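The primary structure of each chain is shown beneath.
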Amino acid sequence: MYPRVLLSIAFSMIVGFSMSTKASILNYSSTIVVIPAPANVTPGNLESDKRIRVFAEQQHLTLAHDLAVDITVPGTSPAGGVPNLSIGSIAAGTLVDSYLLHFDDAGTPGDPVHITGSIAFSDDILGIIVLAQSLDGTDAYPGLTTTIYPFGDAARGLELHDGNGSDSITFSTDLHTIALDFHNIKNTDEVRVITASTVPEPSTFALTVVAGLGLFLWLRRRSL
């Protein structure tokens, strides 16, 4: 029994190291559900009054050009009667991961739906995209060409105005967490989050694989 346990540990060293070095979603509130990348996120395809969906888009992507984003500085949008955006760009050559948060309420026109949630990522958030036009411009890159997005739908972005029925988003000073507050009336709200991407150093990964395989084979011989 003991050799088998050690064999399992050796194998876990290899698999676990690889998995732990991938940028990922760290934790999230009960109102958020992580799903595989869907084929279609246009209105009516992922309806729910109680759940915000999130899925990974392109991962470990080296940007071929500067990527424009709507929020780059921690804070709450809107604030002080203005959208409170911090428009900027992520430089070409940066290694990033992209995620889309999607909410499509199942209510009826004129029947508002309110939902809140929070999500944290294991790597720094470099930029957040919240405006409809900005979402349209990034659907194919760093979004997915295999997913149909609500391109051209002005309601897909956040309505960032102070007052009843407005949406809001808070980017935490820890640079890992965002909090969402959506108010929908039979439409969608979407947020694209761009994080830094962590991949293993080739030399470190190779050493770990060699060590893990060596331990695996040694223990395997002892168990025979």
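Residues numbered from 1 in each chain as written. Predicted model: local features only at pLDDT ≥ 70, side-chain atom pairs only at ≥ 80, totals over all residues. Heavy atoms only, no water.

1. Side note on the side chain of threonine 31
Okay, so step 1: Tracing the backbone shows threonine 31 in the loop between strand 1 (25–28) and strand 2 (32–34).
Okay, so step 2: Separated by 3.0 Å, the side chains of threonine 31 and serine 29 make a polar contact.
Okay, so step 3: Within the structure, threonine 31 has its side chain in polar contact with the backbone oxygen of threonine 116 (distance 2.7 Å).
Okay, so step 4: Not counting the four nearest positions on each side in its chain, threonine 31 is found in contact with Lys50, Arg51, Ile52, Ile115, Thr116 and Gly117. (Helix = DSSP H or I, 4+ residues; strand = E, 2+ residues; numbered from the N terminus. Polar contact = N/O pair within 3.5 Å; in protein donor to acceptor, adjacent residues only side chain to side chain. Contact = heavy atoms within 4.5 Å.)

2. A look at the nonpolar core
Okay, so step 1: Counting 24 residues, the largest nonpolar core has Leu101, Ile128, Ile169, Ile178 and Val191 as its most contacted members.
Okay, so step 2: For this core, the secondary structure elements donating two or more residues are strand 3 (52–56), strand 8 (95–104), strand 9 (113–121), strand 10 (125–129), strand 11 (168–171), strand 12 (177–184) and strand 13 (188–196).
Okay, so step 3: The leading source of residues in this core is strand 9, at four residues.
Okay, so step 4: Ignoring sequence-local partners within four residues, the contact set of leucine 101 consists of Ile32, Ile52, Arg53, Val54, Ile119, Ile178, Leu180, Asp189, Glu190, Val191 and Val193. (Core = buried A, V, L, I, M, F, W, Y, C linked by side-chain atoms within 4.5 Å. Buried < 20%, exposed > 50% of the residue type's maximum accessible area, 1.4 Å probe, protein only.)

3. Digging into the environment of arginine 192
Okay, so step 1: Note that arginine 192 resides in strand 13.
Okay, so step 2: Looking at arginine 192, the relative accessible area reads 0%, which means it is buried.
Okay, so step 3: Considering only alpha carbons, one finds arginine 192 and leucine 135, 57 residues apart in sequence, at a separation of 7.2 Å.
Okay, so step 4: Beyond its immediate chain neighbours, meaning those up to four positions away, arginine 192 contacts Glu57, Ser98, Tyr99, Leu100, Gly127, Ile128, Ile129, Leu135, Thr138, Asp139, Gly143 and Tyr149.

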